[in-house]
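# Close look at the chain arrangement
Listed below, chain by chain, are the residues.
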Amino acid sequence: MVSLKLTFLGSGSEVGRSSILLENEGEKHLLDCGVKVSSGNEYPLISEELASSLKSVYLTHAHLDHSGFLPKLPKLGFKGKIICTKPTRDLIQVLLNDFVRITPEKIYSHEDVTKMLSETSLVDYGDMFYDAGHILGSASIKINDLLYSGDINNRSSTLLDKFNPPKEAKHLILEGTYSANKDKFASQKTIVKNFIKSINDTLEAGGIVLIPSFGIGRGQELLFVLDNHMKNGVLKKVPIFVDGSINKVLRIYRSNANYLNDEIKNRILTSVKDPFQSENYFKPKTRTKSDVYAAKPCIVLSTSGMLNGGPILSYLKKCCHDEKNKIILVGFQPENSKGRKLLEEKKFSFESGTVDMKLQVEQHHFSAHADQPGLYEYVNSIQGLETVILNHGESKKLHEFQEFLKDKTGLKVIIPENGESIKLS
Ligand SMILES: [Zn+2]
Ligand SMILES: [Zn+2]
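Numbers given for residues are sequential positions, taken from 1 along each chain in its written order. Both sets of labels track the order of writing: A upward for chains, 1 upward for ligands. A pLDDT threshold of at least 70 governs which residues receive local features in this predicted model, and a stricter bar of 80 or more applies before side-chain atom pairs are shown or counted, although totals over entire chains, interfaces and linings include all residues. Side-chain calculation: all heavy atoms of the structure are included, whereas hydrogens and water are not.

Each helix corresponds to a stretch of at least 4 residues labelled H or I by DSSP, and each strand to a stretch of at least 2 residues labelled E; elements are numbered beginning at the N terminus. Across its full length, the protein carries 13 helices and 21 strands. Using C-alpha atoms as the atom set, the radius of gyration is obtained and then compared with a globule rule of 2.2 Å times the number of residues to the power 0.38. A compact globule built from 425 residues should have a C-alpha radius of gyration of about 22 Å, and the protein, at 21 Å, falls within 12% of that. C-alpha atoms of the protein, sized along the principal axes, occupy 65 × 50 × 45 Å. Within the protein, the proportion of its 425 residues that are buried is 61%. Per-residue accessibility, obtained with a 1.4 Å probe over protein chains only, is compared with the maximum for each type, and a residue is labelled buried under 20%, exposed over 50%, and partly exposed between these values.

Set out below in structure tokens:
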């Protein structure tokens, strides 16, 4: 019987700094190695002693909460390999260099990012890495009897195929970003309809619509949705300004066409209708973005999605005093984050001080994560399951889901805290 030991170095009852130590047959591996980006960054509990004893890191996907600490590892003595898909490697190159640029606390340099990238070993989807449907190249990872979900999306999106999880596992580490009883998303069709209507209302009133977005994943999906609705005449035709790393990432999507759904892949490979080019997309021409403000009504799509840095902050500062303008949050806003405060209190803390927001603030759930029914369906689809370990979620949500799962399935459901170890056999 193979015995496994897991130690949660981050992501225990929190969204952020995903990192799990896996001890298996005398070898030590990490599952993900992320940072927690909030008001002050937080890092996984990795000592020099641990870093130097690791054989490898298995990386599920490129988001910073899974990858952001990787360049620090070699500085702590890590000499192993980082194993991920090709799109993930391409995407972290952009994301980690952006992170170095925008984060005030420098824990590594651009050179460290380059050095770390040279230690990556690429794998394709197969019997260890399974398509997780979350962002380009995202994977769930199966090692022996253990399945680590990473971040999963059980619905197909405009650019990606639906996920393709393995059929069997004995132990499952499952993300619970949206695992509370109330976390049940409307259909994608309804979400898109409401989103487009809300944007149209602001454009008709002559305002600017700001959409903060992750550099990868939602940014590209949203551009595609906006452009399609403009071309169909459903959305008022105005310039869509694209700022931050979203543009750079479009090139990576194009060069990894095989990881996109068939329709998009064919459009790229045949170059008939390149899905990532449009006469509606513009890049701001000036540092002050004066061309953007002169073009109103217009739409601005910019990083960062959690409003912790990036060009979106200068747009918000300029647009926040006019109630005709609107900001639409489309991604997860963690507890104590600036985005959550904006939603709940209509205030925003800029470096220069906290400002009351006059612009309209809305949230539309373009989630790249499964909701509670999706997570439950996922658990049910895996045969031979004995243990479910919930991570990557707020404590209250995870505990609600623990009760729900125990009640419905009779499985053993564990919620580890950071620093806690679990032995599995
Ligand atoms: Zn993610
Ligand atoms: Zn995540």
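On we go from here.
The next point concerns the domain arrangement of the protein. Domains are outlined according to an automatic or database domain assignment. Partitioning the protein into domains gives domain 1 (4–182 + 369–424) and domain 2 (188–363). Buried area: the sum, over both parts, of the accessible surface (1.4 Å probe) that disappears when the two are put together. Between domain 1 and domain 2, a total of about 2700 Å² is buried, with carbon and sulfur atoms accounting for 62% of that surface. A salt bridge links lysine 248 to aspartate 98; its shortest N-O distance comes to 3.6 Å. The definition of a polar contact used here is a pair of N or O atoms within 3.5 Å, where within protein one atom must be able to donate a hydrogen and the other to accept one, and adjacent residues in sequence count solely through side-chain atom pairs. Scanning the region where domain 1 abuts domain 2 turns up nine residue pairs in polar contact (both at pLDDT 80 or more). Its residues assigned to classes, the side of domain 1 that touches domain 2 shows 15 nonpolar, seven polar and eight charged. Salt bridges are defined by distance alone: a side-chain nitrogen of Lys or Arg within 4 Å of a carboxyl oxygen of Asp or Glu. Classification convention: Asp, Glu, Lys, Arg as charged; Ala, Val, Leu, Ile, Met, Phe, Trp, Tyr, Cys, Pro as nonpolar; all other residues, Gly among them, as polar.

Now for the coordination of the zinc ion (ligand 2). When four donors bind a metal tetrahedrally, each ideal donor-metal-donor angle is 109.5 degrees, and when six bind octahedrally, the ideal angles are 90 or 180 degrees. For Na, K and Ca the donor cutoff is 3.2 Å, while for all other metals N, O and S atoms must lie within 2.8 Å; water is not among the atoms, so some sites may look incomplete. Around the zinc ion (ligand 2), the protein contributes the donor atoms Asp65 (OD), His66 (NE2), Asp151 (OD) and His392 (NE2), at 2.1 to 2.2 Å from the metal centre. Coordination at the zinc ion (ligand 2) is irregular: its four donor atoms span angles of 90 to 161° at the metal. Written as a sequence motif, the donor arrangement for the zinc ion (ligand 2) is D-H-x84-D-x240-H. The rule is simple: four donors are tetrahedral if all their angles sit between 85 and 135 degrees, four are square planar and six octahedral if opposite donors span more than 155 degrees and the others lie between 65 and 115, and anything that fits none of that is irregular.

Right, let's get into the nonpolar core. Buried Ala, Val, Leu, Ile, Met, Phe, Trp, Tyr and Cys residues form a nonpolar core when they are joined through side-chain atoms within 4.5 Å. If you look at the biggest cluster of nonpolar residues, it comprises 75 residues, and the most contacted ones within it are Ile46, Phe195, Ile199, Ile211 and Ile299. Element by element, the count of residues in this core is highest for helix H3 (residues 86–102), at seven residues. Shared between two domains, this core takes at least three residues from each, and those domains are domain 1 (4–182 + 369–424) and domain 2 (188–363). In contact with isoleucine 211, not counting residues within four places along its chain, are Phe195, Ile199, Leu222, Leu226, Ile299, Val300, Leu301, Ser302, Ile312, Ile328 and Val330. Judged by nonpolar contacts, the second largest core, of 22 residues, contains Ala132, Ile152, Leu398 and Ile415. Contact definition: two residues touch when any of their heavy atoms are within 4.5 Å.

This paragraph deals with the sheet that holds strand S6 (residues 120–122). Any two strands with at least two DSSP-identified bridges between them are counted as paired. Strand order in the open sheet made by the seven strands is S6-S5-S4-S3-S2-S1-S21, with mixed pairing throughout. A strand with exactly one partner marks an edge of an open sheet, and here the two such strands are S6 and strand S21 (421–424). The mean inter-strand angle of the sheet, taken between neighbouring strand axes irrespective of direction, is 25°. Every angle, taken between N-to-C directions, lies between 0 and 180 degrees, and every axis is a line fitted to C-alpha atoms, over only the stretch in contact when it is a helix.

Turning our eyes to something else, we now look at the environment of leucine 226. Here leucine 226 is to be found in helix H6 (residues 218–231). Along the primary structure leucine 226 and leucine 174 are separated by 52 residues, whereas in three dimensions their C-alpha atoms are 32 Å apart. Not counting the four nearest positions on each side in its chain, leucine 226 is found in contact with Phe195, Ile199, Ile211, Leu235, Ile240 and Ile299.

As a further point, take the packing of helix H12 (residues 372–381) against helix H13 (residues 395–409). H13 packs onto H12 with a crossing angle of 40° between their chain directions and a minimal axis gap of 12 Å. Relative to H13, the element H12 lies oblique. Where H12 crosses over H13, the handedness of that crossing is right-handed. Only Phe401, Phe404, Leu405, Lys408 and Thr409 of H13 make contact with H12, whose side of the interface consists of Gln372, Leu375, Tyr376, Val379 and Asn380. Grouping the constituent residues of the contact of H12 with H13 by class yields six nonpolar, three polar and one charged. An angle below 35 degrees is read as roughly parallel, one above 145 as roughly antiparallel, one from 65 to 115 as roughly perpendicular, and any other as oblique. With the far helix as reference, a near helix turned anticlockwise by less than a right angle produces a left-handed crossing, and one turned clockwise produces a right-handed crossing.

Working definition: rings of Phe, Tyr and Trp (its six-membered ring) pair if their centres are within 6.5 Å, and the pair is stacked with planes under 30 degrees apart, edge-to-face with planes over 60 apart, and tilted otherwise. In the structure shown here, the tally under the stated rule is 13 aromatic pairs. Judged by centre distance (5.7 Å) and plane angle (35°), the rings of tyrosine 43 and phenylalanine 69 are tilted. On the criterion of sequence distance, the pair formed by tyrosine 43 in the loop between strand S3 (27–31) and helix H1 (48–53) and phenylalanine 69 in the loop between helix H2 (64–67) and strand S5 (81–84) is long-range, its members being 26 residues apart. Residue class for tyrosine 43 comes out buried when judged on its relative accessible area of 18%. Its relative accessible area of 5% is what places phenylalanine 69 among the buried residues. Considering the side-chain rings of phenylalanine 195 and phenylalanine 366, the 4.7 Å spacing of their centres and the 75° angle between planes classify their relative orientation as edge-to-face. With phenylalanine 195 in helix H5 (residues 188–204) and phenylalanine 366 in the loop between strand S18 (360–363) and H12, the pair connects residues that are 171 residues apart, well separated along the chain.

Mapping methionine 230 onto the fold places it in helix H6. According to the relative accessible area criterion, methionine 230 is buried, its value standing at 6%. In sequence terms methionine 230 and glycine 331 are 101 residues apart; their C-alpha atoms lie 22 Å from each other. Dropping the residues within four chain positions of it, methionine 230 is found in contact with Leu235, Lys236, Lys237, Val238, Ile240, Asn280 and Ile299.

Judged by which residues are buried, strand S15 (residues 326–329) turns out to be covered on both faces: Lys326 and Ile328 on one side and Ile327 and Leu329 on the other are all buried. Inspection of the sheet shows strand S11 (residues 208–212) paired to S15 by two bridges, in the parallel sense. Pairing of valine 209 across the sheet is with lysine 326, part of S15. The pairing of S15 with S18 spans four bridges and is parallel. Each residue of the ladder has a partner; that of leucine 329, found in S18, is glutamine 363.

Let us look at the side chain of serine 198. Turning to its location among the elements, serine 198 is positioned in helix H5. Its relative accessible area of 6% is what places serine 198 among the buried residues. Among the polar contacts listed, one links the side chain of serine 198 to the side chain of lysine 326, at a separation of 2.8 Å. Excluding residues within four positions of it along the chain, serine 198 makes contact with Lys326, Ile328, Glu362 and His364.

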